[in-house]
Amino acid sequence: MKKFTCAADIGPIEKAVADAMRIKADRFAWTGLGRNKTLMMVFFNSSLRTRLSTQKAAMNLGMNVIVLDVNQGAWKLETERGVIMDGDKAEHLLEAIPVMGCYCDIIGVRAFAGLTDRDDDYSEKVINQFIQYSGRPVFSMEAATGHPLQGYADLITIEEFKTKPRPKVVLTWAPHPRALPQAVPNSFAQWMLAADYDLVITHPEGYELCEDFTRGARIEYDQRRAFEGADFIYAKNWSAYSGDNYGKILSTDRDWTVDAAKMALTDNAYFMHCLPVRRNMIVTDEVIESDRSLVIPEAANREISAQAVLARMLESLK
Ligand code: CP
């Protein structure tokens, strides 16, 4: 596997799940696979889970790891071609990327959406430049429009906890004080649809996601109706995708916060969130601390999804 930016890159979903379960059974069975191989993780944005879980996954495979926080200690990078570089950006990404490629075998990139120009964000300019110019396999550690390592970990988690072959999974928008990208909900929808789950997406009007990611899901504007009979509730905030409202906050309505009364409408559903989460905005303390909350197993499975992806990339280097 030379790139990993979306669910389709992993191939058949059944095999992706089987690979993950094999890794979970013995994550140290492939310590020779990454011997003398180096992972470079390039962060343009902050992270807790992605940083730690991906590094741990690489260590499980015997890899060396270099972490570069672009905004702390590196030269400021210009990403636009054709710019006269007379400002504060000392280096262009088009030189920096192949240089980074000289020092490693696989590259992971985190580069969030700017949320001002939809076409620019959805062109995935930064990670595509890494794919084009690094000469190395490249995987997304959350790019502008997707977070596939999270989607894969969410799938693994649901496979572990589901009690029906085709569970009802509800992706619900919830309020947040800051404008957030659509990457996590986009990827969640993509992975749930790839697994052929019964996916319902609920949000206030105006928060429709890009149909390229959600085609096949049912959209329900009444959150309480969406929750009825659900097996899994996946909460997430995102900013608007549509037209002139791209990247904007259209609502902070706390009636959309996931609470115990709404969870009572479900079929004893599990609660999920990718973290970090704003308590009592997205979800109440009571729900996230309940025995139906899967936020920690979900985060733990980030190590597994990262290891599965790295193992595929290492195999492709042989
Ligand atoms: N869920 C997730 O990607 O967490 P971080 O932003 O902390 O990496």
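Residues numbered from 1 in each chain as written. Predicted model: local features only at pLDDT ≥ 70, side-chain atom pairs only at ≥ 80, totals over all residues. Heavy atoms only, no water.

### Re unusual backbone geometry
Excluding glycine, residues mostly carry a negative phi; peptide bonds, for their part, are mostly trans. Defined as follows: Elements are defined by DSSP. Helices are runs of H or I of four residues or more, strands are runs of E of two residues or more, and each kind is numbered from the N terminus. Buried residues are those whose accessible area, probed at 1.4 Å on protein chains only, stays under 20% of the maximum for their type, while exposed residues exceed 50% and partly exposed ones sit between those limits.
Pro-276 follows Leu-275 through a cis peptide bond whose omega is 0°. If you trace the backbone, Pro-276 turns up in the loop between β12 (270-272) and α11 (285-288). Unusually for a residue other than glycine, Leu-115 sits at a positive phi of about 65°. Judged by its relative accessible area of 13%, Leu-115 falls in the buried class. Despite not being glycine, Leu-275 shows a phi value in the positive range, around 65°. Residue placement: Leu-275 occurs in the loop between β12 and α11. We classify Leu-275 as buried; its relative accessible area is 16%.

### Looking at the nonpolar core
Threshold: Here, the term nonpolar core denotes a set of buried Ala, Val, Leu, Ile, Met, Phe, Trp, Tyr and Cys residues that are joined through side-chain atoms within 4.5 Å. In this document the domain limits rely on a domain assignment from an automatic tool or a database.
Within the largest apolar cluster, 56 residues are counted, with the highest numbers of intra-cluster contacts made by Phe-4, Phe-139 and Tyr-152. Among the elements that line this core, the one with the most residues is helix α12 (residues 295-317), at eight residues. Here this core spans two domains, since at least three of its residues come from each of domain 1 (3-146 + 302-316) and domain 2 (150-298).

### Considering the domain arrangement of the protein
The cut-off we apply is this: Summed over both partners, buried area is the accessible surface (1.4 Å probe) that two parts give up on being assembled. Take a side-chain nitrogen of Lys or Arg and a carboxyl oxygen of Asp or Glu: if they are within 4 Å of each other, that pair is a salt bridge. Counting of polar contacts relies on pairs of N or O atoms within 3.5 Å, with two restrictions inside protein: one atom must be capable of donating a hydrogen and the other of accepting it, and residues adjacent in sequence are counted only when both atoms are side-chain atoms.
Once the domains are mapped, the protein shows domain 1 (3-146 + 302-316) and domain 2 (150-298). Computed over C-alpha atoms, the centres of domain 1 and domain 2 are 25 Å apart. In this assembly, domain 1 packs against domain 2 so that about 2300 Å² is buried in total across both faces, 65% of it on carbon and sulfur atoms. Sorting the residues of domain 1 by area buried against domain 2 places Leu-115, Arg-118 and Tyr-122 first, and these three jointly supply 28% of that buried surface. Taken together, the links from domain 1 to domain 2 amount to one salt bridge. Our count for the contact surface shared by domain 1 and domain 2 stands at eleven residue pairs in polar contact (both at pLDDT 80 or more). Counting only elements with at least two residues in the side of domain 1 that touches domain 2, the list comes to α1 (13-25), α4 (118-122) and α12.

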